Amino acid sequence: MTTLAPVHEPEAAHARNKRVAVRAACFALFMLVFAFASVPLYRAFCQATGFGGTPQRADIAPGAVAGQIGVRFDANINVSLPWKFVPEQTTVRIHPGARTTIAYHATNLTARKTTGRAIFNVSPEKAGKYFSKIECFCFTEQTLKGGQDVSMPVVFFVDPKIRTDPSTRDIDEITLQYTFYPVENPTSAG
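A.B. asks: Let's hear about the overall build of the protein chain: which residues, and what values?
C.D. replies: The number of helices and strands found in the protein chain is one helix and 10 strands. Sequence-ordered secondary structure for the protein chain, helices as α and strands as β, is α-β-β-β-β-β-β-β-β-β-β. Going through the 190 residues of the protein chain one by one, you find that 36% of them count as buried. For the protein chain, restricting intrachain contacts to residue pairs at least 6 apart in sequence, the fraction spanning at least 24 positions comes to 77%. Put simply, the protein chain shows about 11700 Å² of open surface, and 59% of that area lies on carbon and sulfur atoms.

Structure representation (structure tokens):
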């Protein structure tokens, strides 16, 4: 007895191929959307959790508590940005929870207007979720006219919970680090 292979009707094969094509197109569209959304999602994740040493944003400081912690300030410039950028003081000792204001100083070393944007980080990384900024030049692009000198304040606090978290209570010093990069097509006029 001979068994014949089932014969697929052309309509069934066409419908199956159409389903596969639609699924592949949906997957490709999903990957495209995910690629564009990944940077904002990652940024939101880091800002919400302090992942990778990303400081938090806050509106007010909770108020000072007993004890002190050191904060060190570091400044860097990408070689493509013709600025001098330094902290006005390199370290402070503060009470956790206290609203603190420090400043960085930037100078445009050229005769033309230039724009930069700072990226920031806190180390050790595990302290990032306890370091909160209320006001910072890093929230926006900075445009300096030729030869202009500016003072750029940072208002921040270190959350007192840093002393009750077993993974961070031994931290005695936190470093806040900025690196300025040039902005080719500035969104702000200045």
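A.B. asks: For the pairing of strand β10 (residues 173–182), give the residues involved together with the corresponding values.
C.D. replies: Bridging between strand β2 (residues 69–77) and β10 involves eight bridges; their strand directions are parallel. Across the sheet, I77 pairs through a bridge with F180, a residue of β10. Strand direction decides the pairing type here: strand β6 (residues 114–123) and β10, joined by eight bridges, are antiparallel. By the bridge assignment, F120 is partnered in β10 with Y178.

A.B. asks: How would you sum up the sheet that holds strand β4 (residues 91–94)? Please name residues and give values.
C.D. replies: Read across the open sheet, the five strands follow the order β4-β2-β10-β6-β8; overall the sheet is mixed. Either end of the sheet is taken by a strand with one partner, and the two such strands are β4 and β8 (142–144). The sheet shows a mean angle of 30 degrees between the axes of neighbouring strands, direction not considered. In this structure, β6 lies alongside β8, joined through three bridges in antiparallel fashion. Residue pairing across strands places T114 opposite L144, the latter belonging to β8.

Rules and cut-offs
- Residues numbered from 1 in each chain as written.
- Predicted model: local features only at pLDDT ≥ 70, side-chain atom pairs only at ≥ 80, totals over all residues.
- Heavy atoms only, no water.
- Helix = DSSP H or I, 4+ residues; strand = E, 2+ residues; numbered from the N terminus.
- Buried < 20%, exposed > 50% of the residue type's maximum accessible area, 1.4 Å probe, protein only.
- Contact = heavy atoms within 4.5 Å.
- Areas by Shrake-Rupley, 256 points an atom, 1.4 Å probe, with all protein chains shown as cover.
- Pairing = 2+ DSSP bridges.
- Axes fitted to C-alpha atoms, helices over the stretch in contact; angles between N-to-C directions.

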